[in-house]
Amino acid sequence: MSGSLWLKPGTTGDSLPAIPRQRVTDRRGAGEGLAPAPPSGPPSRGGAAEARPGRGPQRPGARPPRTAPAPRDPLGAAPATGGPPPAPAPAAGADRPGPGTPPTGPLAADPLDALADRLDALAAVAVHPDEIAAILESDGMTDDHIRLTYGRADSFALAEDLYARTERRHPEPEAPPTGPWHTGLPGCLLRGLVFALPGLAYVLGAPLPAGGPWRHGLPPGTVPLLAGAVTGWMWNQSLAHRAYSWLGLGDRRAAARALLTGAPAGALAGALVAVAAAAPGEGSAALFAAGQALYLAAATVLLVLGHERALLVSLSPLVGVVPALRHDLPDVLRVALLLLPLTASTVFAALVLRPGLGRRARGRGGPPFARSLPYGLFGLGSGLLVLYAGADAVIALSLSMGPAEWLLHRFRGASLTRLRLLTTAYEFRRAVTGMLARCLGGYLALLSVLTVTAALLWPGAAVVSAGRVGSLLLVGAVLWLGLLLQAFGAVSSAAAVCLPAAAAQALAPAAGTVAAGVAAAVLCVLTRVLLVRPTAHRF
């Protein structure tokens, strides 16, 4: 071993200053008060033992002075040095303490006290004596050294003594440096604006597919638009999860490579589905749906890689569409305002994906594709529920996605804070239930305000009624609770609830409110059961 971690050069030394030597006395002067005679020759092995009872008092551990023996008188007189004669030796056993008599000198310090002081900071935070034993062994202390120095059998016995005599002083965990949530409200509102601005494109594109037939009770061109949008949402949800998985592994180049491969494929799939769903006379609607698929792919790239501001800049020309809410615009201007943000977002996405063009951008052993499938299914189910709510409801839900994301961050941050402060499982369950109710209630209150505002501003929107607002709130509850479960890794449960509700709404639109209500109730129960467990909040 290299020695103790605490040993410094020059601080080690022997426990005794010198090895004491025995004083040899003359056999003739033992017990008679005569001074010891110097040995006339080399002492025998038995001479020291024989002279032990007659030696005079001396300081324990003192080394006898190495001086030349003085000449002695043959009759046993004092040496001719001019000094006083030595004192007579006491009788054997005259001044020795009897058995049971306490010592009169100071007690020696316990070496365990010094070791406890040295390891105080480490032993105070230990949760088991084995942690201290590991520290002792890493310090180079062997069992032989522990037995000789501290009188304990081994390192575990010594660690138990140190653990017992040290008071526990566990440090308090530090609070998150950025507050109870990691994303601020301004950033989430910016993302909500990014989600809502594409809705203005539908205002511009509404007159373009007006020449097609009505199908399934929907206006001309609606079916290809819905088919392309649902396909894009499902594909891009899975693609975003895979790219985020690469980012979680610390490989940004592999994430860019996955987006570079998957985004064009998703745009092509959405365009093909829209063209296949278009009826004769809906060519303009299919072309609009193809542009919609391309925009969804570009927006996915920019959002996953953290370029929300670039997406907001590319969508800024759509602000000039506001006059189109009340006034008619020429078709040329409508097409130009649609192509400008589409081109800008595509160019920004292409610039962002340049790191994915490298030869070594492809990572090895990436996340399995099957893990991204539930995210796509959840996107399919939630997308169908949102689309059947109406155009003004889509705008309200899009605007609410920013505050919804902020509330998700707040719920997660507050639950981590309660996990750090509370001491019982009952208190944690009660606190999480209250936070869940407050966050969901706040989101539904905001969604109701946005629904009324969108219905008043959107041209041709349905009349606002209590039943319509209630139905939209149920869809909003399904969407927010599903996103919450997705954030905590339970996306399969959210997809298993949203898909049947969306299928029931598609097969029987009159039963859409009932399906959304049942789905919201089931998701409330699932969220309450899964997220009140402390282990669900530890990643």
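K.L.:
Even after reading the chapter, I still don't get the overall build of the protein chain, so can you show me in this structure?
P.N.:
Looking only at helices and strands, one finds 19 helices and 0 strands in the protein chain. Buried positions account for 38% of the 539 residues belonging to the protein chain. Contacts in the protein chain between residues at least 24 apart in sequence constitute 80% of all its contacts with a sequence separation of at least 6.

K.L.:
Sorry if this is basic, but what is going on with the packing of aromatic side chains here?
P.N.:
Two aromatic rings, taken as a pair, are described by how far apart their centres are and by the angle between their planes. Taken as a whole and judged by the stated rule, the model has 2 aromatic pairs. Look at Phe411 and Phe488: their rings are 6.1 Å apart centre to centre, the planes differ by 80 degrees, and that puts the pair in the edge-to-face class. Of the two residues, Phe411 is situated in helix H15 (residues 391-421) and Phe488 in the loop between helix H17 (466-487) and helix H18 (491-507); the sequence distance between them amounts to 77 residues. Overall, the relative accessible area of 1% leaves Phe411 in the buried class.

K.L.:
Explain the nonpolar core here, please?
P.N.:
Within soluble globular proteins, side chains that are nonpolar tend to cluster in buried spots. Formed by 54 residues in total, the largest nonpolar core has its most connected members in Phe378, Leu397, Phe411, Tyr443, Val478, Trp480 and Leu484. Going through the elements one at a time, helix H14 (373-387), H15, helix H16 (425-457), H17, H18 and helix H19 (512-531) are the ones with two or more residues in this core. Apart from the residues lying within four places of it in its own chain, the contact partners of Phe378 are Leu479, Gly482, Leu483, Gln486, Val491, Ala494, Ala495 and Cys498.

K.L.:
So what exactly am I meant to see when it comes to the packing of helix H11 (residues 283-304) against helix H12 (residues 308-315) here?
P.N.:
The relative placement of two packed helices comes down to the angle between their axes together with the axis-to-axis distance. Put simply, H11 and H12 touch, their axes get as near as 8 Å, and they point 145 degrees apart. Crossing geometry of H11 relative to H12 is assigned as right-handed. Facing H11, whose interface residues are Tyr295, Ala299, Leu302 and Leu303, H12 presents Glu308, Leu311 and Leu315. Among the residues making up the contact of H11 with H12, the classes are represented as 6 nonpolar, no polar and 1 charged.

K.L.:
How should the environment of Ala229 be read in this particular structure?
P.N.:
Relative to the helices and strands, Ala229 resides in helix H9 (residues 222-248). Sequence separation of Ala229 and Gly270 is 41 residues, and the distance between their C-alpha atoms is 7.1 Å. Excluding anything up to four places from it in sequence, Ala229 contacts Gln292 and Leu296.

K.L.:
Hey, could you run me through H9 in this one?
P.N.:
Given 3.6 residues per helical turn, the α-helix brings residues three or four places apart onto the same face. Look at H9: 38 Å from first C-alpha to last across 27 residues, which is about the 39 Å you get at 1.5 Å a residue. Downstream of H9 by one or two residues, Gly250 has phi in the positive range, about 80 degrees.

K.L.:
Please clarify how the packing of helix H2 (residues 111-118) against helix H6 (residues 155-165) should be interpreted in this entry.
P.N.:
Two elements in contact, H2 and H6, have axes separated by 11 Å at closest approach and are oriented at 65 degrees. In terms of orientation, H2 lies roughly perpendicular with respect to H6. Here the hand of the crossing between H2 and H6 comes out right-handed. Taking contact as the criterion, the partners of Leu112, Asp113, Leu115 and Ala116 in H2 are, on H6, Leu158, Asp161, Leu162 and Arg165. Of the residues in the contact of H2 with H6, the class split is 5 nonpolar, no polar and 3 charged.

K.L.:
What exactly am I supposed to notice about the pattern of salt bridges here?
P.N.:
A side chain with one charge can pair with a side chain of the opposite charge if their charged atoms come near. One pass over the full model with this rule turns up 5 salt bridges. Note that Arg147 and Asp144 form a salt bridge whose closest N and O atoms lie 2.2 Å from each other. Placement of both Arg147 and Asp144 in helix H5 (residues 143-150) is noted, with a separation of 3 residues, approximately one turn of the helix. Among the ionic pairs, Arg152 bridges to Asp161, the shortest N-O distance being 2.3 Å. Owing to a relative accessible area of 27%, Asp161 belongs among the partly exposed residues under this scheme.

K.L.:
I keep staring at the environment of Leu357 and nothing clicks. Help me out?
P.N.:
Here Leu357 shows up in the loop between helix H13 (331-352) and H14. Owing to a relative accessible area of 59%, Leu357 belongs among the exposed residues under this scheme. Distance from Leu357 to Arg253, taken between C-alpha atoms, is 8.6 Å for residues 104 residues apart in sequence.

K.L.:
Can you help me understand a nonpolar patch on the surface in this one?
P.N.:
On the surface, a nonpolar cluster with roughly 250 Å² of combined accessible area is contributed by Val514, Val518 and Val522. Assignment of secondary structure puts Val522 in helix H19. On the basis of relative accessible area, Val522 is assigned to the partly exposed category, the value being 35%.

K.L.:
I keep staring at the side chain of Gln505 and nothing clicks. Help me out?
P.N.:
Within the element layout of this structure, Gln505 appears in helix H18. Setting aside chain neighbours within four positions, we find Gln505 in contact with Leu384, Leu385, Tyr388 and Gly512.

K.L.:
Looking at this structure, I do not really get H6. What am I missing?
P.N.:
All of the buried residues along H6 are Ser155, Leu158, Ala159 and Leu162. Projected down its long axis, H6 shows its buried positions confined to an angular sector of 100 degrees, all on one face. At its buried positions, H6 is contacted by H2, helix H4 (129-138) and H5. At the N-terminal boundary of H6, the capping side chain belongs to Asp154, with an oxygen 3.3 Å from the backbone nitrogen of Phe156.

K.L.:
So what exactly am I meant to see when it comes to the side chain of Gln292 here?
P.N.:
Inspection of the secondary structure puts Gln292 in helix H11. If we skip the residues at most four places from it in the chain, Gln292 touches Tyr202, Leu225, Gly228 and Ala229.

K.L.:
Hey, could you run me through the confidence of the model for the protein chain in this one?
P.N.:
When pLDDT is low, close inspection of the predicted coordinates is not appropriate. When pLDDT is averaged across the protein chain, the result is 76; 69% of the residues are at 70 or more. In this model residues 1-9 is a low-confidence stretch, pLDDT under 50, and it forms 12 contacts with partners more than four residues away in sequence or in other chains. Under a pLDDT of 50 for its full length, residues 24-63 has, in the predicted model, 34 contacts with residues more than four places off or in other chains.

Rules used throughout
Residues numbered from 1 in each chain as written. Predicted model: local features only at pLDDT ≥ 70, side-chain atom pairs only at ≥ 80, totals over all residues. Heavy atoms only, no water. Helix = DSSP H or I, 4+ residues; strand = E, 2+ residues; numbered from the N terminus. Buried < 20%, exposed > 50% of the residue type's maximum accessible area, 1.4 Å probe, protein only. Contact = heavy atoms within 4.5 Å. Phe/Tyr/Trp six-rings, centres within 6.5 Å; stacked < 30°, edge-to-face > 60°. Core = buried A, V, L, I, M, F, W, Y, C linked by side-chain atoms within 4.5 Å. Axes fitted to C-alpha atoms, helices over the stretch in contact; angles between N-to-C directions. Left-handed = near helix turned anticlockwise from the far one by under 90°. Nonpolar A, V, L, I, M, F, W, Y, C, P; charged D, E, K, R; others polar. Expected span 1.5 Å × (residues − 1). Parallel < 35°, antiparallel > 145°, perpendicular 65-115°, else oblique. Salt bridge = Lys/Arg side-chain N within 4 Å of Asp/Glu carboxyl O. Patch = residues over 30% accessible without salt bridge, like charges linked within 9 Å, V, L, I, M, F, W, Y side chains within 5 Å. Areas by Shrake-Rupley, 256 points an atom, 1.4 Å probe, with all protein chains shown as cover. Arc of directions from axis to C-beta. Polar contact = N/O pair within 3.5 Å; in protein donor to acceptor, adjacent residues only side chain to side chain. pLDDT = per-residue confidence, 0-100.

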